[in-house]
Amino acid sequence: MIGNRIRDLRESAGYSQSQLAKKLDVSRSAVNAWEMGLSAPTTQFIVAMARLFHVSSDYILGLDNACTLRVEGYSEEEMALLYRLLQYIDQRREAQQEASPDLR
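These remarks concern the structure in this document. Small disclaimer: the values here were computed from a predicted structure and weren't measured.

1. Description of the pattern of salt bridges
- With the rule as written, the count across this model stands at three salt bridges.
- Here aspartate 8 makes a salt bridge to arginine 7, at a shortest N to O gap of 3.3 Å.
- For arginine 7, a relative accessible area of 27% translates into the label partly exposed.
- In this structure, arginine 10 engages glutamate 11 in a salt bridge whose closest nitrogen and oxygen atoms are separated by 3.8 Å.
- A residue is classified by how much of its surface remains accessible, and arginine 10, at 9% relative accessible area, is buried.
- For glutamate 11, a relative accessible area of 47% puts it in the partly exposed group.
- Taken together, the shared-partner salt bridges connect Arg10, Glu11 and Glu35 into one network.

2. A few points about helix α2 (residues 17-24)
- Burial in α2 covers these residues: Gln17, Leu20, Ala21 and Leu24. The buried residues of α2 occupy an angular sector of 100° when the element is viewed end-on, so they sit on one face.
- As for α2, its buried residues are in contact with α1 (2-13), α3 (28-36) and α4 (43-53).
- Among the residues trailing α2, aspartate 25 stands out with phi positive, at a value near 60°.

3. Describing the environment of tryptophan 34
- Its location among the elements puts tryptophan 34 in helix α3.
- Since its relative accessible area comes to 5%, tryptophan 34 is described here as buried.
- Note: C-alpha distance between tryptophan 34 and arginine 7 (27 residues apart in sequence) is 8.7 Å.
- The contacts of tryptophan 34, once residues within four sequence positions are left out, are Gly3, Ile6, Leu24, Val26, Ser39, Ala40, Pro41, Phe45 and Met49.

4. Notes on the nonpolar core
- Judged by nonpolar contacts, the single largest core of 16 residues is most densely connected at Leu20, Leu24, Val26, Trp34, Met49 and Ile60.
- Counting only elements with at least two residues in this core, the list comes to α1, α2, α3, α4 and α5 (57-61).
- Of all the elements, α4 adds the most residues to this core, at five residues.
- Setting aside chain neighbours within four positions, we find leucine 24 in contact with Trp34, Phe45, Ala48 and Met49.

Reading guide: rules and limits
Residues numbered from 1 in each chain as written. Predicted model: local features only at pLDDT ≥ 70, side-chain atom pairs only at ≥ 80, totals over all residues. Heavy atoms only, no water. Salt bridge = Lys/Arg side-chain N within 4 Å of Asp/Glu carboxyl O. Buried < 20%, exposed > 50% of the residue type's maximum accessible area, 1.4 Å probe, protein only. Helix = DSSP H or I, 4+ residues; strand = E, 2+ residues; numbered from the N terminus. Arc of directions from axis to C-beta. Contact = heavy atoms within 4.5 Å. Core = buried A, V, L, I, M, F, W, Y, C linked by side-chain atoms within 4.5 Å.

What follows is the structure, given as structure tokens:
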């Protein structure tokens, strides 16, 4: 489960395994092993990924299914932009569900 979360977060951020490895100062094979479930990242790397992907460490560990977006360090203008983007996505999702009730 941790491996799936790491892969999903990495792909959502648009990083290759090599790019994530470089950001964390680990080998690409370490990232691959985490994603494949062959090994688990240490606490140090879980915290680093939580900061990098702006999610909680509980989310990475699978203890919390709600993915919360951490906005510390963003300006008021940047936060407003993020909230508008989320509203837009919610509105599109609602419109798609109304148009295709079978997708629920």
